[in-house]
Amino acid sequence: MTSASVERAPAPPGEVRERAEQRESVLGRLTGSPLLRLIARRVLVAIPLLLAISVLVFVLLEAMPGDPARNQAGMDATEEEVEAVRRSMGLDRPAYERYFSWLFGALTGDLGRSSVSGLPVAQLLAERSPVTFELVFLAFVISLGIALPVAMLAARKPGGVFDRIVMVGAMTLLAVPNYVLALLLVIVFAVTLRMLPSIGFTPIEMGLWLNLQSVILPTLAMAIPLGCFYARFLRGDLVEQMNSADYVDTARAKGLGPWRILWQHAFRNSSFGLLTIVGLNVGALVGGTVIIEQIFAMPGLGQLMLQGVGARDTAVVQICVFIFAAVAVFANLFVDVMYAVLDPRIRYGGR
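Values in this document were obtained by computation on a predicted structure and should not be read as measured data. Along each chain, residues carry numbers from 1 onward, in the same order as the chain's sequence is written. Local features in this predicted model are restricted to residues of pLDDT 70 or higher, and side-chain atom pairs are both shown and tallied only at a pLDDT of 80 or more, whereas totals for entire chains, interfaces and linings draw on every residue. Excluding hydrogens and water, the side-chain figures rest on all heavy atoms present in the structure.

**Here we look at unusual backbone geometry**
- At R194, a position not held by glycine, the phi torsion is positive, near 55°.
- Secondary structure follows DSSP: runs of H or I at least 4 residues long count as helices, runs of E at least 2 residues long count as strands, and numbering of each begins at the N terminus. Within the secondary structure, R194 sits in the loop between α8 (178-192) and α9 (208-244).
- We call a residue buried when its accessible area falls under 20% of the maximum for its residue type, exposed when it is over 50%, and partly exposed in between, using a 1.4 Å probe and counting protein chains only. A relative accessible area of 70% means that R194 is categorised as exposed.
- At A297, a position not held by glycine, the phi torsion is positive, near 50°.
- Secondary-structure assignment places A297 in the loop between α11 (258-295) and α12 (301-311).

Given below as structure tokens:
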């Protein structure tokens, strides 16, 4: 007897109906979830926004002075040679054709080639992205690691010695631009104390400690101002909650201690405002890597973009700016989703 001749016995009608009901139930939970509907709406809004950003970046690059074909061919090239390079780069086609060609290529995984190095843009991104995203991730974690305990301790006794020190210190550090702070860190820890390298980046494959040594100073230059900003904002919101919120009075009447009220009640409400600020600052944090990577000679996306702008490398600049913008858009999308997770009223549209 062959296997093809073996027929499975049909399932009983009751079992078939039960399986169908289970599938409908799962599908209903998925499609009927307010949180999933909210995510779907936000994603549908993000797609045209990203397309608009890509068009804007393309138009701005087209308006930049300079001739990419001349840069590629060299200053001593003849007009015929420049024209040949222009045709090979596709610059003889109308702008809208080049944009749609780039968009189709990007959607299908072909980001083009750098007009300077001749390497595929995807390869350059794969080499440079880990540096930038490691910097951003560490700066994000350290800034929140500074802000949360400092704000809680300051809000515990507003007007106290620690609170005043925090406020003065935060305002002072916020007044210092991050590139100035970066230079101060280099002077102190690299030049004077010789504890850390002043420039360069060591991949994590060559050792975790060596990698951390190379990113400590640039990460601190990005994280300290951001941590001060978060701490000031969170401290102010916590103090307001502790002084005026009715639920805090109720918690005090129940005999809860100040730390428990601060952590379990006031911080939960203040986290909404902090979440908004964090989401809005992700774009600035990613954009800040352009300056920091240049100061510390780190081979990340920011440095790649600056080199591309100087050489009029349109394919590289366009995708770098688009990535920075996309990170900001999806960070705000993540904040919207977290709002809905923390507050059920948002999931149900305020009902």
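Moving on, there is more to tell.
**Thoughts on the packing of aromatic side chains**
- Here a pair means two rings of Phe, Tyr or Trp (six-membered ring of Trp) with centres within 6.5 Å. Their orientation is stacked below 30 degrees between planes, edge-to-face above 60, and tilted elsewhere. A full pass over the atoms with the stated rule returns six aromatic pairs.
- Look at W102 and F322: their rings are 6.2 Å apart centre to centre, the planes differ by 80°, and that puts the pair in the edge-to-face class. One end of the pair, W102, is in helix α5 (residues 95-107); the other, F322, is in helix α13 (residues 314-342), with 220 residues separating them in the sequence.
- When the ring of W263 is compared with that of F267, the centres are 5.1 Å apart and the planes differ by 5°; the resulting orientation is stacked. Of this pair, W263 and F267 both sit in helix α11, four residues apart, which is roughly one turn of that helix.
- For W263, a relative accessible area of 52% puts it in the exposed group.
- Counting every residue linked through ring pairs, the aromatic cluster contains F58, Y99, F100, W102 and F322.

**Comments concerning the environment of L174**
- Here L174 lies in helix α7 (residues 161-174).
- The exposure class assigned to L174 is partly exposed, which follows from its relative accessible area of 34%.
- Residues L174 and F229, spaced 55 residues apart in sequence, show a C-alpha to C-alpha distance of 7.0 Å.
- In this structure, L174 is in contact with P225, C228, F229 and R232, ignoring residues within four places of it in sequence. We call two residues in contact whenever any of their non-hydrogen atoms come within 4.5 Å of each other.

**Observations concerning a nonpolar patch on the surface**
- Taken together, the side chains of Y179, V180, L184, I187, V188, L193, M195 and I291 make up a nonpolar region of the molecular surface, amounting to roughly 700 Å² of accessible area.
- Examining the composition of the nonpolar patch, we find that five residues originate from one element, α8, more than from any other.
- The residue M195 is located in the loop between α8 and α9 in this model. The patches described consist of residues with a relative accessible area above 30% and no salt bridge, like charges being joined within 9 Å and nonpolar side chains (Val, Leu, Ile, Met, Phe, Trp, Tyr) within 5 Å. For the area figures, the Shrake-Rupley method with a 1.4 Å probe applies, and any residue is considered shielded solely by the protein chains shown. Whenever a carboxyl oxygen of Asp or Glu lies within 4 Å of a side-chain nitrogen of Lys or Arg, that contact is scored as a salt bridge.

**Thoughts on the packing of α9 against helix α10 (residues 246-253)**
- It is at 6 Å that the axes of α9 and α10 come closest, and there the two elements cross at 60°. Packed against α9, whose contacting residues are Q241, M242 and S244, the element α10 presents D246, Y247, V248 and R252 at the interface.
- The nonpolar class holds Ala, Val, Leu, Ile, Met, Phe, Trp, Tyr, Cys and Pro. Asp, Glu, Lys and Arg form the charged class, and all remaining residues, Gly among them, are polar. Taken together, the residues of the contact of α9 with α10 sort by class into three nonpolar, two polar and two charged. The convention used is that axes are lines fitted to C-alpha atoms, helices contributing only their stretch in contact, and that angles between N-to-C directions extend from 0 to 180 degrees.

**Regarding α7**
- Over its 14 residues, α7 runs 20 Å from end to end, which matches the ideal 20 Å to within 8%, given 1.5 Å per residue.
- In this structure, the buried residues of α7 make contact with α6 (121-156) and α9. In a helix, the anticipated span is given by 1.5 Å times the number of residues less one.

**A short note on α6**
- Taking 1.5 Å per residue, 36 residues should reach 52 Å; α6 reaches 51 Å between its end C-alpha atoms and fits that length.
- Within α6, the axis deviates most sharply at R128, by approximately 35°, and proline P130 lies no more than four positions further along. Working definition for bend: take the seven residues up to and ending at a residue and the seven starting at it, fit an axis to each, and measure the angle between the axes.

**Quick word on the confidence of the model for the protein chain**
- Here the protein chain averages 82 in pLDDT, and 88% of its residues register 70 or above.
- Considering only residues more than four positions removed or in separate chains, one finds that residues 1-7, a stretch of pLDDT under 50, has one contact. Confidence of the prediction at every residue is given by pLDDT, a number between 0 and 100.

**What about the nonpolar core?**
- Formed by 74 residues in total, the largest nonpolar core has its most connected members in L125, Y230 and L238.
- Top contributing element to this core by residue count: α9, with 14 residues. Joining through side-chain atoms within 4.5 Å is the link that ties buried Ala, Val, Leu, Ile, Met, Phe, Trp, Tyr and Cys residues into a set, and such a set is a nonpolar core.

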